[in-house]
Amino acid sequence: MFPGSSQPRRSGDQTKVDIMARKPYVSDTTSFIRDFLNKHPDVVEKQRAARSTWWDRPQNLDQRKKFDEAREPKKPYEYY
């Protein structure tokens, strides 16, 4: 189609297909995940709760500083 036109381009008797007008590809995995999340919306909240359990923890900076100060330098050659 020409920009601003509703008529397709014609070359002789054949209509040229605009490759940009194709439906975007969606993999089987992506469609499965989208369908699953649509059917089970509570999973996203469970994921957020699990993340906060394992990753979003308050940090004790004084304790971290003591750990860093107590660390010994690594030996340059570890293979025996």
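Shown above is the structure to which this text applies.
Residues numbered from 1 in each chain as written. Predicted model: local features only at pLDDT ≥ 70, side-chain atom pairs only at ≥ 80, totals over all residues. Heavy atoms only, no water.

Some points on the overall build of the protein chain
Put simply, the rule is: Runs of E in the DSSP output that reach at least two residues are strands. Runs of H or I that reach at least four are helices, and both are numbered from the N terminus. Whether a residue is buried, partly exposed or exposed follows from its accessible area with a 1.4 Å probe, protein chains only, as a fraction of its type maximum: under 20%, in between, or over 50%, in that order. Only the protein chains shown count as covering a residue, and every accessible area follows the Shrake-Rupley method with a 1.4 Å probe.
Within the protein chain, the secondary structure is distributed over three helices and two strands. Secondary structure elements of the protein chain, listed N to C terminal, follow the sequence β-β-α-α-α. When burial is assessed residue by residue, the protein chain has 1% of its 80 residues classed as buried. For the protein chain, the exposed area adds up to about 8,800 Å²; of that, 55% sits on carbon and sulfur atoms.

Some words on the packing of aromatic side chains
Each aromatic ring pair is summarised here by two numbers: the centre-to-centre distance and the angle between the ring planes. Definition in use: Only Phe, Tyr and Trp rings take part, Trp by its six-membered ring, and two of them pair if their centres are within 6.5 Å. Stacked means planes under 30 degrees apart, edge-to-face means over 60, and tilted covers everything else.
Across all of its chains, the model carries one aromatic pair by this definition. Taken together, a centroid distance of 6.1 Å and an interplanar angle of 25° make the contact between Phe32 and Phe36 stacked. Placement of the pair is Phe32 and Phe36 together in helix α1 (residues 28-39), with a separation of four residues, close to one helical turn. Residue Phe32 is classed as exposed on the basis of its relative accessible area of 53%.

Here we look at the environment of Leu37
Selection criterion: Any two residues whose heavy atoms approach within 4.5 Å at even a single point are treated as in contact.
Along the chain, Leu37 turns up in helix α1. Take Leu37: its relative accessible area is 31%, and that puts it in the partly exposed class. Excluding anything up to four places from it in sequence, Leu37 contacts Val43 and Val44.

Some details on the pattern of salt bridges
Condition: Salt-bridge detection follows one rule: a side-chain nitrogen of Lys or Arg within 4 Å of a carboxyl oxygen of Asp or Glu.
In this structure the tally under the stated criterion is three salt bridges. Note that Lys46 is salt-bridged to Asp42, the shortest N-O span being 3.5 Å. Taken together, the positions of Lys46 and Asp42, both in helix α2 (residues 42-54) and four residues apart, correspond to about one turn of that helix. Under the relative-accessibility criterion, Asp42 is labelled partly exposed at 38%.

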